[in-house]
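Okay, here's what each chain looks like letter by letter:
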Amino acid sequence: MTDSRSSRDEGVDQPVHSQDTGQPTLTVDGLAAYLECPRKFQFAHERSLRTPPDDTAVDRLELLRIAICDGLRWAATTDDAAPDDPEQLIRRMQDRLRTLWEGHSERFHSAVQRRHERRVMEATIEAYVDHCGIDHLEGITSLSTQSTARELIGPTLPVATTVQIGHNVPDEEQSAPDHRSTARLTAEIDYATVDGSTIVGVKLLPTPAHLGLLRYRNRWDGDVEQEFRDHFDSESETFDPGLVSSLFEISVVLGGLRTLRDQLNLDSVRTCRYVQVPLLDRQDRTVNRFRDQISVDIESIDLTDRYLDHHTFGLTHEHRNRTVDDRLQTIAGRAIDAEYEPVPWELIRRESCSDCPYSVCCSDYIEGEVRFDGK
Ligand code: SF4
């Protein structure tokens, strides 16, 4: 398998306390785990229990992320490169992929299958460049005139934003310099580009399956908002941590891009957007074995409008959503305050426990099962 993995690939990420500032830091993956079950978050965080990564898709995605980002970096920073030549960019990325593939130790049934899978990934690179790669490179090149392109291309480009978490500070400590009422929330994208006056954070992913309802809706108003509100409504049976954590992630990435914009003095940038590009969705792949042809379709997903609340946008002129951001602060505060009780218990037991890798050592689950059996 490939050496380098993103932290998401290692299972649940962990909140850490920054050594230099004392400001608590929480990743979006940690938030996602907390939403599924606070106890699960505790296992991953305090007891450092980790879940095995989903190896095959993760490793192949890793190869593509490295090949794509190295190709973009080369094209944006090398004098010989022709930024408007898609064939040259495709060749560069595919050459990088072949080099990485030689060191890729995934087991295949046969040499034919191994070759076939490599060709699928080469076709994926071609589809990526045709769909958005050249446009993104143009934006990266434009950004590099205002900043250093190297700073904006990963893979794994961390972005971070600071939020108020309403942490209860003891009275005697109120006068001291205090970072505990704020938290640093982090996410990872693969690169940043610009489109006009908008900075765009791009993340390369295996599939869009994790988006659930967000995959099929293009705005916040309507059932996305309703589902989000219902998740937190104690009267409702709705439990959708995937949708909520995706909206939290969008909020963190957009906040991180605003921070990046300000740190790099990108004066021409006004707004931020977050785009995910699924690369390994089998539904987007066509294989004609008789003609020995492989074609891949890629559809990027701009998540910004799924999150954007026009009322908040009208007030701030920034892509924000007060409903989501307020909940984000509350949940981050609870995670940092070590509130690990698995509530709402019945919904967690119904929706999260069956797939949880910690069920064998979780006393909440074991006791719940005993009660359920009536023994
Ligand atoms: S088994 Fe259930 S209660 Fe226990 S950590 Fe996992 S999801 Fe939470």
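Remember, predicted model here, so these are calculated numbers, not experimental data.

Caption draft 1: Examining the overall build of the protein chain more closely. Within the protein chain, the secondary structure is distributed over 13 helices and 9 strands. Residue burial in the protein chain is summarised as follows: out of 375 residues, 51% are buried. Within the protein chain, contacts between residues separated by at least 24 positions form 72% of all contacts whose residues are at least 6 apart in sequence. Of the roughly 18,500 Å² of accessible surface on the protein chain, 44% is carried by carbon and sulfur atoms.

Caption draft 2: Structural detail: the packing of helix α1 (residues 28–36) against helix α11 (residues 322–336). One can describe the packing of α1 onto α11 by two numbers: an axis separation of 10 Å at closest approach and a directional angle of 85°. Classified by the angle between their axes, α1 and α11 sit roughly perpendicular to one another. For the pair α1 and α11, the contacting residues are Leu31, Tyr34 and Leu35 in the first and Leu328, Ile331, Ala332, Arg334 and Ala335 in the second. Grouping the amino acids of the contact of α1 with α11 by side-chain chemistry returns 7 nonpolar, no polar and 1 charged.

Caption draft 3: Representation of the pairing of strand β5 (residues 198–205) within the structure. When you tally the buried positions in β5, you get 8 out of 8 residues, the bulk of the element. The two faces of β5 match: Thr198, Val200, Val202 and Leu204 on one face and Ile199, Gly201, Lys203 and Leu205 on the other face are all buried. Where strand β4 (residues 182–195) and β5 come together, 5 bridges link them in antiparallel fashion. Along β5, the bridge assignment pairs Ala192 with Gly201. Between β4 and β5, which pair antiparallel in sequence order, lie 2 residues; one of them, Gly196, sits at a positive phi of approximately 65°.

Caption draft 4: Here's a closer look at the site of the ligand. In the region of the ligand, the neighbouring residues are Cys37, Arg39, Lys40, Phe43, Trp345, Ser352, Cys353, Cys356, Ser359, Cys362 and Tyr365. At 3 residues, the largest contribution of residues to the shell around the ligand is made by helix α2 (residues 38–45). Of the residues contributing to the shell around the ligand, the split by class is 7 nonpolar, 2 polar and 2 charged.

Caption draft 5: Inspection of the pairing of strand β6 (residues 271–278) at higher detail. The buried fraction of β6 is high, at 7 of 8 residues. Summarising the sheet, β5 and β6 pair through 8 bridges and their orientation is parallel. Along β6, the bridge assignment pairs Leu205 with Pro278. Bridge analysis of β6 against strand β9 (residues 301–302) gives 2 bridges, and the strand direction is antiparallel. In the sheet register, Gln276 faces β9, and the bridge partner there is Ile301.

Caption draft 6: Inspection of the nonpolar core at higher detail. Among the nonpolar cores identified, the biggest contains 51 residues, and Leu185, Ile189, Ile199, Phe228, Leu247, Phe248 and Leu257 are the most heavily contacted of them. In contact with Leu247, not counting residues within four places along its chain, are Leu214, Trp220, Val224, Phe228, Arg306, Tyr307 and Val324.

Caption draft 7: Quick peek at the environment of Val200. Residue placement: Val200 occurs in strand β5. Counting along the chain gives 104 residues from Val200 to Thr304, while the straight-line C-alpha distance between them is 9.9 Å. Leaving out residues up to four positions away in the same chain, Val200 has contacts with Tyr191, Ala192, Thr193, Asp195, Leu257, Arg273 and Val275.

Caption draft 8: Fine view of helix α5 (residues 111–144). Spanning 34 residues, α5 covers only 42 Å between terminal C-alpha atoms, well under the ideal 50 Å at 1.5 Å per step. The largest bend in α5 amounts to roughly 55° and is located at Val129.

Caption draft 9: Spotlight on the side chain of Arg285. Position of Arg285 relative to the elements: it lies in strand β7 (residues 285–288). One buried charged residue, Arg285, remains without a salt bridge, the closest side chain of opposite sign being Glu117 at 4.5 Å. Among residues more than four places away in sequence, those in contact with Arg285 are Val120, Leu280, Ser295 and Val296.

Caption draft 10: Layout of the pattern of salt bridges. Overall, the coordinates contain 21 salt bridges when judged by the stated rule. One salt bridge connects Asp70 with Arg96, and the closest N-O pair in it is separated by 2.6 Å. With Asp70 in helix α3 (residues 55–77) and Arg96 in helix α4 (residues 86–102), this pair connects stretches of sequence that are 26 residues apart. Taking relative accessible area as the criterion, Asp70 reaches 22% and is therefore assigned partly exposed.

Rules and cut-offs
Residues numbered from 1 in each chain as written. Predicted model: local features only at pLDDT ≥ 70, side-chain atom pairs only at ≥ 80, totals over all residues. Heavy atoms only, no water. Helix = DSSP H or I, 4+ residues; strand = E, 2+ residues; numbered from the N terminus. Buried < 20%, exposed > 50% of the residue type's maximum accessible area, 1.4 Å probe, protein only. Contact = heavy atoms within 4.5 Å. Areas by Shrake-Rupley, 256 points an atom, 1.4 Å probe, with all protein chains shown as cover. Axes fitted to C-alpha atoms, helices over the stretch in contact; angles between N-to-C directions. Parallel < 35°, antiparallel > 145°, perpendicular 65-115°, else oblique. Nonpolar A, V, L, I, M, F, W, Y, C, P; charged D, E, K, R; others polar. Pairing = 2+ DSSP bridges. Near = heavy atom within 4 Å. Core = buried A, V, L, I, M, F, W, Y, C linked by side-chain atoms within 4.5 Å. Expected span 1.5 Å × (residues − 1). Bend = angle between axes of the 7 residues up to and from the residue. Lys, Arg positive; Asp, Glu negative; His and termini not counted. Salt bridge = Lys/Arg side-chain N within 4 Å of Asp/Glu carboxyl O.

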